[in-house]
Amino acid sequence: MSNSSPPVYRNSLAEHSNGRPLAKFASNAFAVACATCTIVCMATLVVLLWKIFQFGWGRVNLDFITSFPSSTAENAGIKSSLVGSLYLIGLTALFSVPLGVGTAIYLEEYCKPSRWRTFAQTNIANLAGVPSIVYGILGLGLFVRAMSLNRSLLAGALTLTLVILPIVILASQEALRAVPKTIRQASYALGATRWQTVWGQLLPASLPGILTGVILALSRALGEAAPLLAIGAATYTAFLPQDIVHDDFSVLPLQIYNWTDQPQEAFHQAAAAAIVVLLTVLICMNALAVFLRYRFSKRIQW
Amino acid sequence: MVKLKKLSEPTPETLGPLVMSEMTSERPTTSLAAPVVGTDRSSLSADEMRNLRQKVSAQGVDFFYGSNQALHNVSLDMPENLVTALIGPSGCGKSTFLRCLNRMNDMIDDTIVRGDILLDGVDIYKSRTDVVELRKRVGMVFQKSNPFPKSIYDNIAYGPRVAGVKQRGVLDEIVEKCLEQAALWDEVKDRLNDSALQLSGGQQQRLCIARALATFPDVLLMDEPASALDPKSTARIEDLIFELKNSYTIVIVTHNMQQAARVSDQTAFFYEGSLIEVGATTELFTRPTQQQTEEYITGRFG
């Protein structure tokens with residue numbers, strides 16, 4: 001012990017940390033536990049992908065993509081379901097983006113805090129957690145039966161719109177909320193109207209966030225099978241849908257579902273190949289999201 | 001319609017000795033003495049100001065955030081083409097009062113304004129007032145510089161654009177004139193298309209001033225425009241205020257009493273939501289009539 005006062009303080013602090021060896025151990029143990037979690041997740045994903053690629057890669061070729069499904073596994077392809085998936089995603093985007101972004105703008109920029117707004121907000125958050133099969137049943141009753149859209153692309157797209165709308169709304173709200181209040185103040189102080197502020201400042205500034213949310217939501221829609229099964233979409237179509245109101249359609253997840261249900265091993269292989277194609281489309285969409293985000297946010301750094 | 005005037009370069013004579021000395025040296029730390037006001041600078045007495053045309057006139061203004069009264073019966077005249085400084089400790093209502101003058105408080109929910117605020121003799125809180133039009137006439141510069149995440153050009157052009165100016169030539173002219181007025185043109189003329197966010201803090205704040213000038217306001221409100229800037233940038237902003245007062249009526253909120261002493265013609269002291277004392281800056285800082293004012297300007301509280 002030295003004779004000046006500061007070392008006394010330092011010593012007492014040192015004693016403190018020496019007296020708690022457990023703290024250091026706990027800290028390390030926690031880091032190890034978290035790392036283990038990451039490794040388990042990654043390993044599962046890698047094994048899954050590896051098995052699928054190993055099994056299905058041999059079947060992925062141009063013929064597979066350009067052939068219609070067939071009762072002989074060797075000739076079966078995914079042309080109709082791939083095209084059906086792309087049509088469906090396009091239509092879903094067409095419906096969900098204006099509805100979702102419009103709702104988000106209204107709730108964030110126009111709607112004053114009120115009981116009605118809290119009510120709407122709570123419901124949207126809850127709807128995001130509703131299982132998609134429930135939307136499928138709603139779609140069956142509302143679009144397929146009541147609106148007589150049958151098992152058409154339109155009915156499918158509207159049903160999927162219901163599924164992803166809450167996600168699009170929440171993501172867009174989040175993106176709008178991320179625009180600093182000072183930007184709104186500056187715009188209003190220059191004599192801009194609400195509409196001019198939304199259109200001229202808030203939408204451009206929140207575009208990267210909105211786009212990312214929309215594309216991730218669409219990725220989810222692309223992989224949905226349950227609500228489409230519920231509305232009775234075909235698991236086997238040997239033609240391309242010619243119009244969106246009358247023709248039956250199929251999508252990749254349903255095609256995969258159908259093939260895994262067959263007894264023949266060769267169909268399982270076709271299913272694995274279809275999964276590879278579906279994953280490729282999904283990765284492309286996510287890459288697009290990353291690219292758009294980068295592209296539009298380059299100029300925007302708060 | 002363009003009422004911008006080409007202003008002469010600042011000279012020691014127009015700036016006053018105090019301002020010039022402040023440009024080169026560090027800001028003096030607050031001591032227990034009232035800030036020095038340049039004696040040889042042309043200044044008006046309170047009586048002379050009373051006889052000037054009053055650009056903005058507040059009469060018995062009360063302001064409430066919900067049930068919390070932030071302003072108590074404030075009456076203050078702001079003469080045309082002079083600088084009025086609002087000083088007082090934090091939370092005294094000076095910023096609230098400033099935001100009443102262009103109705104920015106309207107954006108905050110659950111607020112009530114009572115009393116009259118006249119701009120050129122017309123009550124701006126009358127139900128028929130066009131708030132958008134009002135804010136074009138009463139520009140505002142905020143405490144934290146808040147450029148839009150757009151190019152320098154688009155930042156300035158935003159105000160005229162939302163007002164309906166579309167011709168590129170006219171916009172070019174406005175952008176150049178406003179940047180010149182804000183003493184920023186020479187620094188940015190070669191990179192008008194660069195993002196405004198790449199500018200330094202002081203440049204960003206001058207950009208915000210230029211942006212506020214672009215709607216051709218009569219009145220310029222400044223909410224602690226230099227509080228986040230270093231002494232050199234602060235001095236530039238103060239020079240700018242000095243130049244701008246030839247063409248604009250300026251109301252500035254400041255925490256810095258030296259700044260109030262340097263730039264303003266009239267100073268109003270707020271305390272706990274009330275206007276305690278108002279007078280010609282030279283008089284208020286040398287011969288305050290109220291004890292609270294004296295204690296505040298000599299640094300005994302606040």
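Every value quoted in this text rests on a predicted model; they were computed, and no experiment measured them. (Residues numbered from 1 in each chain as written. Chains lettered and ligands numbered in written order. Predicted model: local features only at pLDDT ≥ 70, side-chain atom pairs only at ≥ 80, totals over all residues. Heavy atoms only, no water.)

1. Notes on the overall build of chain B
Then, in step 1: Looking only at helices and strands, chain B features 13 helices and 10 strands.
Then, in step 2: Within the span of chain B, comprising 302 residues, buried residues form 56% of the whole.
Then, in step 3: For chain B, the proportion of contacts with a sequence separation of at least 24, taken over those separated by at least 6, is 70%.
Then, in step 4: As displayed, chain B has an accessible area near 13,000 Å², and 48% of this comes from carbon and sulfur atoms. (Helix = DSSP H or I, 4+ residues; strand = E, 2+ residues; numbered from the N terminus. Buried < 20%, exposed > 50% of the residue type's maximum accessible area, 1.4 Å probe, protein only. Contact = heavy atoms within 4.5 Å. Areas by Shrake-Rupley, 256 points an atom, 1.4 Å probe, with all protein chains shown as cover.)

2. Concerning the nonpolar core
Then, in step 1: Grouped together as the largest cluster of nonpolar side chains are 67 residues, with contacts concentrated most on Phe 64, Ile 78, Leu 88, Leu 228 and Trp 259 of chain A.
Then, in step 2: Of all the secondary structure elements, the ones that give two or more residues to this core are helix H4 (79-110), helix H6 (132-146), helix H7 (153-177), helix H8 (181-189), helix H9 (194-223), helix H11 (252-260) and helix H12 (265-297) of chain A together with helix H6 (152-162) of chain B.
Then, in step 3: The leading source of residues in this core is H12 of chain A, at 12 residues.
Then, in step 4: Leu 228 of chain A has contacts with Leu 88, Gly 156, Leu 160, Ala 233, Phe 249, Val 251 and Leu 254 of chain A, leaving out every residue within four places of it along the chain.
Then, in step 5: Residues Leu 184, Leu 192, Met 222 and Leu 244 of chain B belong to the second largest nonpolar core, which totals 48 residues. (Core = buried A, V, L, I, M, F, W, Y, C linked by side-chain atoms within 4.5 Å.)

3. Details of the pairing of strand S1 (residues 54-65) of chain B
Residues and elements named next belong to chain B.
Then, in step 1: Counting buried positions along S1 yields 9 of 12 residues, so the element is predominantly enclosed.
Then, in step 2: Adjacent in sequence and paired antiparallel, S1 and strand S2 (residues 68-79) are bridged by 2 residues, among which Gly 66 carries a positive phi angle near 65°.
Then, in step 3: Alignment of S1 against strand S4 (residues 111-119), held across 8 bridges, turns out to be antiparallel. In the sheet register, Tyr 65 faces S4, and the bridge partner there is Thr 111. (Pairing = 2+ DSSP bridges.)

4. Re the side chain of Asp 123 of chain B
Residues and elements named next belong to chain B.
Then, in step 1: With respect to the secondary-structure elements, Asp 123 resides in strand S5 (residues 122-123).
Then, in step 2: With no salt bridge to any partner, buried Asp 123 finds its closest opposite charge in Lys 126, at an N-O distance of 5.6 Å.
Then, in step 3: Residue contacts for Asp 123: discarding those within four places in its chain leaves Asp 116, Ile 117, Leu 118 and Thr 129. (Lys, Arg positive; Asp, Glu negative; His and termini not counted. Salt bridge = Lys/Arg side-chain N within 4 Å of Asp/Glu carboxyl O.)

5. Let's talk about unusual backbone geometry
Residue and element names in this part refer to chain B.
Then, in step 1: Positive phi, close to 65°, is recorded for Asp 110, a residue that is not glycine.
Then, in step 2: Mapping Asp 110 onto the fold places it in the loop between helix H4 (94-100) and S4.
Then, in step 3: At Phe 216, a residue that is not glycine, the phi angle is positive and equals roughly 55°.
Then, in step 4: Overall, Phe 216 belongs to the buried group, its relative accessible area being 17%.

6. Considering the confidence of the model for chain B
All names here are of chain B.
Then, in step 1: The predicted model of chain B averages 83 in pLDDT, with 86% of residues at 70 or higher.
Then, in step 2: No element of chain B has a lower mean pLDDT than helix H2 (residues 17-24), which averages 41, and none a higher one than strand S8 (residues 249-253), which averages 94.
Then, in step 3: Confidence over residues 1-31 falls short of pLDDT 50; this stretch has 46 contacts with residues more than four positions distant or in other chains. (pLDDT = per-residue confidence, 0-100.)

7. Some remarks on the sheet that holds S1 of chain B
Pairing between the strands of a sheet is mediated by backbone hydrogen bonds and can be parallel or antiparallel.
All names here are of chain B.
Then, in step 1: One open sheet holds the 4 strands; their spatial order is S2-S1-S4-S5, and the pairing between them is antiparallel. Strands at the two margins of the open sheet, each flanked by one partner only, are S2 and S5.
Then, in step 2: Here S4 pairs with S5 via 2 bridges, running antiparallel. Considered in S5, the bridge of Leu 118 is made with Asp 123.

8. Considerations on the interface of chain A and chain B
Then, in step 1: Contacts between the two partners involve 22 residues from chain A and, on the opposite side, 24 residues from chain B.
Then, in step 2: Surface buried jointly by chain A and chain B totals about 2,000 Å² across both partners, of which 63% is contributed by carbon and sulfur atoms.
Then, in step 3: For the interface between chain A and chain B, the tally reads 0 salt bridges.
Then, in step 4: At the surface where chain A touches chain B, the tally comes to 5 residue pairs in polar contact (both at pLDDT 80 or more).
Then, in step 5: Those elements that provide at least two residues to the side of chain A that touches chain B are H8 and H9 of chain A.
Then, in step 6: Broken down by element, the residue count for the side of chain A that touches chain B peaks at 7 residues, all from H8 of chain A.
Then, in step 7: Among the residues forming the side of chain A that touches chain B, the class breakdown is 10 nonpolar, 10 polar and 2 charged. (Buried area = accessible area lost by both parts, 1.4 Å probe. Polar contact = N/O pair within 3.5 Å; in protein donor to acceptor, adjacent residues only side chain to side chain. Nonpolar A, V, L, I, M, F, W, Y, C, P; charged D, E, K, R; others polar.)

9. What to know about the environment of Lys 51 of chain A
Then, in step 1: Mapped onto the fold, Lys 51 of chain A is located in helix H2 (residues 21-56).
Then, in step 2: For Lys 51 of chain A and Ala 272 of chain A, which are 221 residues apart along the polypeptide, the C-alpha to C-alpha distance reads 8.9 Å.

10. Examining the packing of H8 of chain A against H9 of chain A
All names here are of chain A.
Then, in step 1: Orientation of H8 relative to H9, taken along the N-to-C sense of each, is 130°, at an axis distance of 10 Å. As the angle between them shows, H8 and H9 are arranged oblique. The interaxial crossing formed by H8 with H9 has right-handed handedness. Counted together, Ile 183, Arg 184, Ser 187 and Tyr 188 of H8 and Arg 194, Thr 197, Gln 201 and Leu 202 of H9 form the full contact between these two elements.
Then, in step 2: Class assignment of the residues belonging to the contact of H8 with H9 gives a composition of 3 nonpolar, 3 polar and 2 charged. (Axes fitted to C-alpha atoms, helices over the stretch in contact; angles between N-to-C directions. Parallel < 35°, antiparallel > 145°, perpendicular 65-115°, else oblique. Left-handed = near helix turned anticlockwise from the far one by under 90°.)

11. Focus: the sheet that holds strand S6 (residues 138-141) of chain B
All names here are of chain B.
Then, in step 1: With respect to topology, 6 strands assemble into an open sheet ordered S6-S7-S8-S3-S9-S10, the strand pairing being mixed. With one partner strand each, in any of the chains shown, S6 and strand S10 (274-280) form the two edges of the open sheet. Ignoring which end each strand starts from, the neighbouring axes of this sheet average 15° apart.
Then, in step 2: For strand S9 (residues 266-271) and S10, the ladder comprises 6 bridges, and the chain directions are antiparallel. Looking at the pairing, Phe 270 lines up with Leu 275 of S10.
Then, in step 3: Set on the sheet, helix H9 (residues 201-213) makes contact with S6 and strand S7 (219-223); between it and S6 the angle comes to about 170°.

12. A closer look at the packing of aromatic side chains
Then, in step 1: Applying the stated criterion to the full structure yields 8 aromatic pairs over all chains.
Then, in step 2: An angle of 25° between the planes, with centres 5.9 Å apart, marks the rings of Phe 53 of chain A and Trp 57 of chain A as stacked.
Then, in step 3: Here Phe 53 of chain A falls in the partly exposed class, since its relative accessible area comes to 31%.
Then, in step 4: Considering the side-chain rings of Phe 269 of chain B and Tyr 271 of chain B, the 6.5 Å spacing of their centres and the 10° angle between planes classify their relative orientation as stacked.
Then, in step 5: An aromatic cluster of three or more residues is present, and its members are Phe 269, Tyr 271 and Tyr 296 of chain B.
Then, in step 6: Directly above the aromatic system of Phe 148 of chain B lies the positively charged group of Arg 211 of chain B, at a separation of 4.4 Å from the ring centroid.
Then, in step 7: Directly above the ring of Phe 242 of chain B sits Lys 245 of chain B, whose terminal nitrogen or CZ lies 5.2 Å from the centroid. (Phe/Tyr/Trp six-rings, centres within 6.5 Å; stacked < 30°, edge-to-face > 60°. Lys NZ or Arg CZ within 6 Å of the ring centre and 35° of its normal.)

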